[in-house]
Amino acid sequence: MSADFSISDPQSIATRGEEIYRTKYQHLERENTGRFVAIDVTTDEAYLGDTSERALQDARDASPEGLFHLIQIGHRGAYRVSYSLSETSVDWIFG
Amino acid sequence: LGKNGSPALKIRIKGPFGDGKEFDATIDTGFTGFLSIPLLKAIPLGLLLYGTTGITFADGSTTYRLTAKAQITVENESQIGIAILEPKSEDVLIGMEFLRLFKKAFFIVKDGVALLDETFIEQIAKAAQERLQTQESGPPSASSATHL
């Protein structure tokens, strides 16, 4: 267990997930670009999938209490949206 | 079409418990995910939280959002996918992942939206291809018949 995380502090989950990815799993980019990886920030374990729902479901099955940060390998975000940051206030409403 | 003229669809969203709730969802082909739902609308549904993910905006900037497991039902078909929980937005959006999971193609017509099965589209495309090939290798023209 790396640290305690709370769903009320999603920024810390995301930051930790990105950090684990950079230090332990960035090598996946060599052969898995476009696939998805769900990183359990409570254990540092990673779960690969061809789709985002596959990666997260496998992660949940393996670690029912886990908290997962989802990354699309080789991409800045796992999803793209059609609107821009300025069109909506996007600050976390928690903490 | 929805109130703002965008293509919209009536969907039911539910979590692991209860019957869920019906929403008018906007079909957004610029959104690569399954479902984007305002956080305050998601909480009463009891969606099971997964954690977080990064999303990239149209201007190239990236931020993070909470994710949850959600089931969408359209008429009598249901699929489970990942919901992105938007902290401030008021719109429920469905994106390309929704179309992929439901195996649907959608067409916008003058005053509505048609969702069609991908297999139906493939059958039409195949029939059109066969018809084209039949026309190309059709009966000989009058001039070629005379020549023979």
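For the structure, see preceding data.
Remember, predicted model here, so these are calculated numbers, not experimental data.

Asker: Just to check I follow, could you spell out the packing of aromatic side chains for this structure?
Answerer: Aromatic ring pairs: the centre-centre distance and the angle between the two ring planes describe each pair. Residue and element names in this part refer to chain B. Applying the stated rule across the entire model yields three aromatic pairs over all chains. Between F34 and F98, the aromatic rings sit 6.3 Å apart at their centres with planes inclined by 35 degrees, giving tilted as the arrangement. In this pair, F34 sits in the loop between β2 (21-27) and β3 (35-38) while F98 sits in helix α2 (residues 96-102), placing the two residues 64 residues apart along the sequence. A residue is classified by how much of its surface remains accessible, and F98, at 1% relative accessible area, is buried. With a centroid separation of 4.5 Å and an interplanar angle of 35 degrees, the aromatic rings of F98 and F102 are classed as tilted. In this pair, F98 and F102 are both assigned in helix α2, four residues apart and thus about one turn of the helix distant.

Asker: How do you make sense of the side chain of T51 of chain A when you look at a structure like this?
Answerer: You can see T51 of chain A is positioned in the loop between β2 (46-49) and α3 (52-62). Side-chain polar atoms of T51 of chain A contact the backbone nitrogen of R54 of chain A, separated by 3.2 Å. Apart from the residues lying within four places of it in its own chain, the contact partners of T51 of chain A are F36 of chain A together with R100 of chain B.

Asker: Can you walk me through the pairing of strand β1 (residues 8-14) of chain B in this structure?
Answerer: Residue and element names in this part refer to chain B. Relative to β2, β1 runs antiparallel, the two being bridged by six bridges. When the bridges of β2 are listed, K10 appears paired with D24. Bridge count for β1 against strand β5 (residues 62-74) is three bridges, and the pairing is antiparallel. Bridging across to β5, K14 finds its partner in Q71.

Each value, and the rule that gives it
In this numbering scheme, every chain counts its residues from 1 along its sequence in written order. Lettering for chains starts from A, numbering for ligands starts from 1, and both go in the order in which the items are written. With the structure being a predicted model, the display of local features is reserved for residues of pLDDT at least 70 and the display and counting of side-chain atom pairs for 80 or more, all residues being used for whole-chain, interface and lining totals. As a convention, hydrogens and water are excluded, and side-chain values are obtained from all of the structure's heavy atoms. Here a Phe, Tyr or Trp ring, Trp counted by its six-membered ring, pairs with any other such ring whose centre lies within 6.5 Å, and the pair is stacked when the planes are under 30 degrees apart, edge-to-face when over 60, and tilted otherwise. Segments assigned H or I by DSSP are reported as helices when at least four residues long, segments assigned E as strands when at least two residues long, and all are numbered from the N terminus. Only protein chains enter the accessibility calculation, which uses a 1.4 Å probe. A residue is then buried if its area is under 20% of the maximum for its type, exposed if over 50%, and partly exposed in between. As used in this structure description, the phrase polar contact means that two N or O atoms lie within 3.5 Å; if the pair is within protein, one of them must be able to donate a hydrogen and the other to accept it, and residues adjacent in sequence are counted only when both atoms belong to side chains. Note on contacts: a residue pair qualifies if any of its non-hydrogen atoms lie within 4.5 Å across the two residues. Whether two strands pair depends on DSSP finding at least two bridges between them.

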